[in-house]
Amino acid sequence: MLSARFTADGSFSLHSHRFAESFHSSDGALEEANSKFVLPAQLDRFTSGSCLRVLDVCFGLGYNTAALMAALPIAGTPALNCWGLELDRLPLLFALAEPSFKALWPKNVVACLEAVSAKGTWQDAYRQQSVQMLWGDARQQLNSLPTGLRFDLIFLDAFSPGKCPQLWSEEFLQSLADLLAPGGRLLTYCRAAAVRSSLRHAGLELRSLLPKPGEGAGWSSGTMALRLSNDDDQPLPEMGAGWRELTVMEEEHLQTRAGVPYRDPSGSDEAALILKRRQHEQALGHHTSTSAWQRKWQSVEFRPPC
């Protein structure tokens, strides 16, 4: 069951009663899409004549893809090849039935979302843009992507690990990391130690997203994970468009019990089993307690991890 909600910036969102979570931060659905996904993507890296390949995991209401498309200039824009993964068709239907949601976007973006909802695919030959939706469990739908396809951007916007661990497991995150092109970036609102540890184990460089202007104080607003180019002689700079290197505090967080990964070796386990497996591993392990880490860094404001 879904219920409508309006966030602080006036943009429309939904609350899932199945997962007991909202789709977006109460601060603003549109602001979240722009600050956590579009801004750190640094779209100016992609020039005219190039092709921007994007995978939107948990397409939901379509905010992240729509915000990305709206941010691309018409003149000199790169070609866009976007794939979406989504289990539930209802969130996008709810969004398109809300006039204020449709009013947020240019006409071509609305046309894209409507076509994706109705037919699962959309193309704009003039702009050289296409969006293809794969409906179903994202773990299985990854196998439906064209062989050899690699992405410049992966947006990971699933419900939180405690509610939907299937899409934050070490195995699933490794599969996403394998789909990143050299120089590609995986972006997510999540700052959980288990997720960051798995992304690093998958061979990606980690950066911490900074809180957006007006957002409540906090030590991180999300995560960027990068596949460095083979010819990169220098690592990515410490600071960038809304991101920075992990602090000592964040690095120590990865060594606590919170850093024990979610495991789904079959790629088809239910959430309850994945959570139980992790709790068992945490109990048997010798990691530092997360509470001890919190006490050490008590001068920093802690908010519940995603």
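Heads up: the structure comes first, above all this text.
These numbers come from a predicted model, not from an experiment. (Residues numbered from 1 in each chain as written. Predicted model: local features only at pLDDT ≥ 70, side-chain atom pairs only at ≥ 80, totals over all residues. Heavy atoms only, no water.)

**Remarks on unusual backbone geometry**
- Even without being a glycine, Q42 presents a positive backbone phi close to 50°.
- Mapped onto the elements of the fold, Q42 is located in the loop between helix 1 (29–41) and strand 4 (51–57).
- The exposure class assigned to Q42 is partly exposed, which follows from its relative accessible area of 23%. (Helix = DSSP H or I, 4+ residues; strand = E, 2+ residues; numbered from the N terminus. Buried < 20%, exposed > 50% of the residue type's maximum accessible area, 1.4 Å probe, protein only.)

**Some thoughts on the packing of aromatic side chains**
- Under the defined criterion, the tally for this structure stands at 8 aromatic pairs.
- Residues F6 and F12 carry aromatic rings whose centres are separated by 5.5 Å and whose planes lie at 65° to one another, so their mutual orientation is edge-to-face.
- The class of F12 is buried, set by a relative accessible area of 3%.
- Here a set of aromatic residues connected by ring pairs shows up, and it is made of F19, F23 and F159.
- In this structure, R278 packs its charged tip against the face of Y262, placed 4.3 Å from the ring centre. (Phe/Tyr/Trp six-rings, centres within 6.5 Å; stacked < 30°, edge-to-face > 60°. Lys NZ or Arg CZ within 6 Å of the ring centre and 35° of its normal.)

**Some points on the side chain of S117**
- The topology assignment puts S117 in helix 5 (residues 107–119).
- In this view, S117 contacts R89, L92, L93 and L96; residues no more than four positions away in its chain are not counted. (Contact = heavy atoms within 4.5 Å.)

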